[in-house]
Amino acid sequence: SAGTAPAWAWGLSSVGLVFFFPHPFVCLNRDLHMEGQIWFLPRSLQLSSFQAYKLRVTHLYQLKQHSILVSVGEDEEGINPLVKVWNLEKRDGGNPLCTRIFPAIPGNKPTVVSCLTVHENLNFMAIGFADGSVVLTKGDITRDRHSKTQILHEGSYPVTGLAFRQSGKTTHLFVVTTENIQSYMLSVKDYPHLELDTHGCGLRCSSLSDPSQDLQFIVAGNDCVYLYQPDERGPCFAFEGQKLIVHWYRGYLIIVSKDRKTSPKSEFAGNEAQNSDKQVLNIYDLCNKFIAYSSIFDDIVDVLAEWGSLYVLTRDGKIHVLQEKDTQTKLEMLFRKNLFEMAINLAKSHHLDSDGLSEIFRQYGDHLYNKGNHDGAIQQYIRTIGKLEPSYVIRKFLDAQRIHNLTAYLQTLHLQSLANADHTTLLLNCYTKLKDSSKLEEFIKTSESEVHFDVETAIKVLRQAGYYSHAVYLAEKHAHHEWYLKIQLEDIKNYQEALCYIGKLPFDQAESNMKRYGKILMHHVPNETTELLKILCTDYRPTDSCRDRHPANSEEFIPVFANNSRELKAFLEHMTEVQADSPQGVYDTLLELRLQNWAHEQDEQIKEKLHNEALTLLKSGRFKTVFDKALVLCQMHNFKDGVLYLYEQGKLFQQIMHYHMQNEQYKKVIEVCELYGDQEACLWEQALGYFARKEEDCKEYIAAVLKHIESKNLMPPLLVVQTLAHNSTATLSVIKDYLVNKLQKQSRQIEQDEQRIQKYREETTRIRQEIEELKASPKIFQKTKCSICTSALELPSVHFLCGHSFHQHCFESYSESDSECPTCMPENRKVMDMIRAQEQKRDLHDQFQHQLKCSNDGFSVVADYFGRGVFNKLTLITDLPPGKAATTIEAGLQRELLIHAKRST
């Protein structure tokens, strides 16, 4: 049965005959004259009529979508009803045009018409009769030629109601009598029919609903109201009382029934009508299952629906207007009565937007919360998700006793993907406080496409609450590698599992995580960690990726082995074997490890093996760029052979010799001088000084050094004597042979130098004489041949003081200068170029110092630079001005000597 909400959904005003209609509607004149007229009542309230029949009008049917009116009436006494079809838009002498007239008789037996209905497409019209017959007119009902009339139904009981139902291309006709209900399918040949029920209804007690109720046929009996589909009976409603009128209007079912109970005085009934039977008008909302309006009237003639309102026509000549209230007013009335469920249903049926519905749910939730019905309240709050701020609800249910309600709300919030990180944290805390492991697992073990929460936040909360297995599951499933490893290593202490997990990660992530967690893994599972690092730095191919990648930099993982030298050595040796181009740090660290092991080893055999390994590594050629570092390592561990090897590679010959000197290895000192003395001559000098400082008897070694110094002329004899003077054990006999040989050699050199000086003096004297002769005596040219063409010399000719003569034409052809001899000019230019070169180089002090230091004969270098004019300014004068011959004689001699020396060569 429907709920009761009297007089709220509709507003009633008694207006008598004063009402307003925007369009005219048709009323049947029963009380005015009964003369077969049809009256029109427009909104202007100006009644008009026309004579439709001569005697009476019994039935009218006005189509909603067409200006067509169908009437049934009588023109003469007796049972001879006529059907007339009127076109209200066309006029015939001021009256509507009658387009068709035909008798309403089933067969040859005249009978009374009981009901009439017309299809909105004007292709069907059905007339019911009191003898149980139904006549169907198919075709254009407005024309005789285009329609066909036939008896559709025959029965024993009067027909009380007819209704067409159009669904798609299928047309059904409902036929109801006083005893049964049948359905005819008109869109199929032979019109098959189906009996839907074995009880019927009275006249005007049936109607067809609108699409909101799926176009069901409504039949109102005295006990119930039944709804029918074309092929079956639908739901029924227990509305008691004798039904008089049934209408359907905009989703509402309107029923007028007799009131058999004692009821309050009607506000619409006059005093004189109180003793008559009252009639109850009920307006039902079948969709939301409540009574929208209920009131008592006196003798209702009919209920009319027009222009958005209902009009109740009563026998006392009044029309009552029922106007539907707006949706917001209805909802406010329901809120005041706390009828929230009814308000929700009403809002849905009126297609209220989601914001409006959410507000109703919130008010309903607040109402239930205030009443203490927290379970019901949370269900309403859940329906506000997406519209109402979640914090409004969460604050109400933070109490521990209501935590299960809060959990339900938060679950739904996550399912709709509207939760933030705080909501996830709160929900997981609720699960943990409730110790509801099953719900917790159900929440986190969703498929990838159904995740409705922030995974990282969930992992943090679960870890904090001690649900490590759940946190690990989430981290692994959603590829939060960092959190997975943190929990495995720091909380669960499952190092082996963490290492296996890293071994399955993509290269970049595996590399970064090994750098981050490598030390702790190396401490607990050193062998397995070492093996994984070997693979990572060589040919890492995880199970989920086979792409070729550049291997990891092995040098970057050396800090992982901070306290695991054995594993570090194994790792580094593996890398040097499989990757010859390993980073330099790998070789440096491996060398340091091998030297450490060698230095601490006590077993001689193992020590020798380690010695050879370290030396082999040094000789691999990998330490050229880090020479100093390798040298420091060898010196720190006192690795003698390594130090000497590196000295040799770095050409640090003095350091090699000093090393042997520190260890007083005299023979090694001599060997070093012999091996590297040619590359660094000062080694012999240092060796002599070393042996000279020794108080021991080193005559043998001193003699060997002096022999080499003498052969290479490495030191002046005076410096040798001064050096050996510091040795108290060295006697004169040690250097006797050296000094004798040196003095003899110097004597021979002095004799040679004196001879050369004498030769240069004589040459200088001769040149000066020639110069004087040229200056003071005439020159006789006796050349008979040209120095260029070697032909006999003829005038004109050109003669030079150098003794060369030329034909004038030969001289002019070959000479580059009018004042220079073409034959002597190349030699003269060479001499001049040498002089200019000496001038340019006389300031090259660095070069002078270097040559002086490296030369075996330093005096010759000084003499050479004296000749270049390094120590004095050289002035070159070709023509001596008068009075300055004495002051410039040296410059002239120098120039002439150079020219003469060049010619003599």
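Conventions and cut-offs
- Residues numbered from 1 in each chain as written.
- Predicted model: local features only at pLDDT ≥ 70, side-chain atom pairs only at ≥ 80, totals over all residues.
- Heavy atoms only, no water.
- Helix = DSSP H or I, 4+ residues; strand = E, 2+ residues; numbered from the N terminus.
- Contact = heavy atoms within 4.5 Å.
- Polar contact = N/O pair within 3.5 Å; in protein donor to acceptor, adjacent residues only side chain to side chain.
- Axes fitted to C-alpha atoms, helices over the stretch in contact; angles between N-to-C directions.
- Parallel < 35°, antiparallel > 145°, perpendicular 65-115°, else oblique.
- Left-handed = near helix turned anticlockwise from the far one by under 90°.
- Nonpolar A, V, L, I, M, F, W, Y, C, P; charged D, E, K, R; others polar.
- Pairing = 2+ DSSP bridges.
- Core = buried A, V, L, I, M, F, W, Y, C linked by side-chain atoms within 4.5 Å.
- Buried < 20%, exposed > 50% of the residue type's maximum accessible area, 1.4 Å probe, protein only.
- Salt bridge = Lys/Arg side-chain N within 4 Å of Asp/Glu carboxyl O.
- Expected span 1.5 Å × (residues − 1).
- Phe/Tyr/Trp six-rings, centres within 6.5 Å; stacked < 30°, edge-to-face > 60°.
- Lys NZ or Arg CZ within 6 Å of the ring centre and 35° of its normal.

(A) Spatial organisation of the environment of Thr529. Note on placement: Thr529 falls in helix α14 (residues 526–536). Note: C-alpha distance between Thr529 and Gln496 (33 residues apart in sequence) is 9.1 Å. Leave out the neighbours within four places in its chain, and Thr529 touches Leu499, Met514, Gly518, Leu521 and Met522. Among the polar contacts listed, one links the side chain of Thr529 to the backbone oxygen of Leu521, at a separation of 3.2 Å.

(B) Expanded view of the packing of helix α9 (residues 455–465) against helix α10 (residues 468–477). Taken N-terminus to C-terminus, the directions of α9 and α10 make an angle of 160°; their axes are 8 Å apart at the nearest point. With respect to their mutual orientation, α9 and α10 come out roughly antiparallel. Remark: the crossing between α9 and α10 carries left-handed chirality. Judged by residue contacts, Val455, Ala458, Ile459, Leu462 and Arg463 of α9 engage Tyr468, His470, Ala471, Leu474 and Ala475 from α10. Its residues assigned to classes, the contact of α9 with α10 shows eight nonpolar, one polar and one charged.

(C) Representation of the sheet that holds strand β21 (residues 233–237) within the structure. With antiparallel pairing, the four strands of this open sheet are ordered in space as β18-β19-β20-β21. Pairing within the sheet leaves two strands with one partner each, and these edge strands are β18 (206–208) and β21. For this sheet, the mean inter-axis angle between neighbouring strands, taken without regard to orientation, is 20°. Two elements, strand β19 (residues 217–220) and strand β20 (residues 225–228), share four bridges in a ladder whose sense is antiparallel. Note on β20: the bridge partner recorded for Ile218 is Leu227.

(D) The sheet that holds strand β14 (residues 159–167), seen in detail. What the four strands build is an open sheet, ordered β14-β15-β16-β17; its pairing is antiparallel. Edge strands, defined here as strands with exactly one partner in the open sheet, are β14 and β17 (193–197). Neighbour to neighbour, the strand axes of the sheet diverge by 20° on average, direction disregarded.

(E) Spotlight on the nonpolar core. Core analysis: the biggest nonpolar cluster contains 150 residues, and Leu281, Tyr409, Leu618 and Phe691 have the highest contact counts within it. When neighbours within four sequence positions are excluded, Leu281 is seen to be in contact with Ile254, Ile255, Val256, Tyr293, Ser294, Ser295, Phe297, Ile300, Val303, Val312 and Leu322. Of all hydrophobic cores here, the second largest spans 25 residues; its members include Val219, Val225, Tyr228 and Trp248.

(F) The pattern of salt bridges, seen in detail. On inspection of all chains with the given rule, the structure shows 24 salt bridges. Measuring nitrogen to oxygen at the nearest pair gives 4.0 Å for the salt bridge that ties Asp140 to Arg143. We note a salt bridge from Asp197 to Arg233, for which the minimum N-O separation is 3.1 Å. Of this pair, Asp197 sits in strand β17 while Arg233 is found in strand β21, placing the two residues 36 residues apart along the sequence. Residue Asp197 is classed as buried on the basis of its relative accessible area, which comes to 11%. Three or more residues joined by partner-sharing salt bridges are found here, namely Glu359, Arg362 and Asp366.

(G) Quick look at the pairing of strand β4 (residues 37–41). When you tally the buried positions in β4, you get five out of five residues, the bulk of the element. Burial of β4 is two-sided: the residues Gln37, Trp39 and Leu41 facing one way and the residues Ile38 and Phe40 facing the other way are all buried. Looking at chain direction, β4 and strand β5 (residues 48–51) are connected through four bridges and run antiparallel. Residue Trp39 lies in a different strand from β5, and its bridge partner there is Ser49. Taking the residues that link successive antiparallel strands as the turn, the β4-β5 hairpin has six residues, and the phi of Leu45 there is positive, at about 65°.

(H) Structural context of α10. If you check which residues of α10 are buried, you get His470, Ala471, Val472, Leu474 and Ala475. At the exit of α10 stands Ala479, carrying a positive phi of roughly 60°.

(I) Layout of helix α11 (residues 481–492). In this model α11 runs 15 Å from its N-terminal to its C-terminal C-alpha over twelve residues, within 8% of the 16 Å that 1.5 Å per residue would give. All buried positions along α11 are accounted for by His481, Trp483, Tyr484, Leu485, Ile487, Gln488 and Leu489. In this fold, the buried residues of α11 make contact with α9, α10, α12 (495–502) and α13 (507–524). Positive backbone phi, at 65°, marks Lys493, one or two positions downstream of α11.

(J) Up close: the pairing of strand β9 (residues 95–103). As paired elements, strand β8 (residues 82–92) and β9 share eight bridges and run antiparallel to each other. Counted as the bridge partner of Asp92 is Asn95 from β9. Linking β8 to β9, which pair antiparallel, is a turn of two residues; within it Gly93 sits at a positive phi near 70°.

(K) Broad picture of the packing of aromatic side chains. Enumeration over the complete set of coordinates arrives at 17 aromatic pairs. Their ring planes at 80° and their centres at 6.3 Å tell us that Trp307 and Tyr311 sit as a pair that is edge-to-face. Tyr311 shares its class with Trp307; the two are buried. Look at Tyr369 and Phe397: their rings are 5.4 Å apart centre to centre, the planes differ by 70°, and that puts the pair in the edge-to-face class. Taken together, the positions of Tyr369 in helix α3 (residues 354–370) and Phe397 in the loop between α5 (390–396) and α6 (403–415) put the pair 28 residues apart, joining distant regions of the chain. Take Tyr369: its relative accessible area is 16%, and that puts it in the buried class. Three or more aromatic residues joined by ring pairs form one cluster here, namely Tyr369, Tyr381, Tyr392 and Phe397. The positively charged end of Lys84 is found above the aromatic ring belonging to Tyr53, 4.4 Å away from the centroid. A cation sits over an aromatic face here: Lys396 above Tyr369, 4.8 Å from the ring centre.

(L) Layout of the side chain of His153. Residue position: His153 is located in strand β13 (residues 147–153). Engagement of the side chain of His153 in a polar contact is seen with the side chain of Tyr184, the distance being 2.8 Å. Beyond its immediate stretch of four places on either side in the chain, His153 contacts Gly132, Ser133, Val134, Val175, Gln182 and Tyr184.

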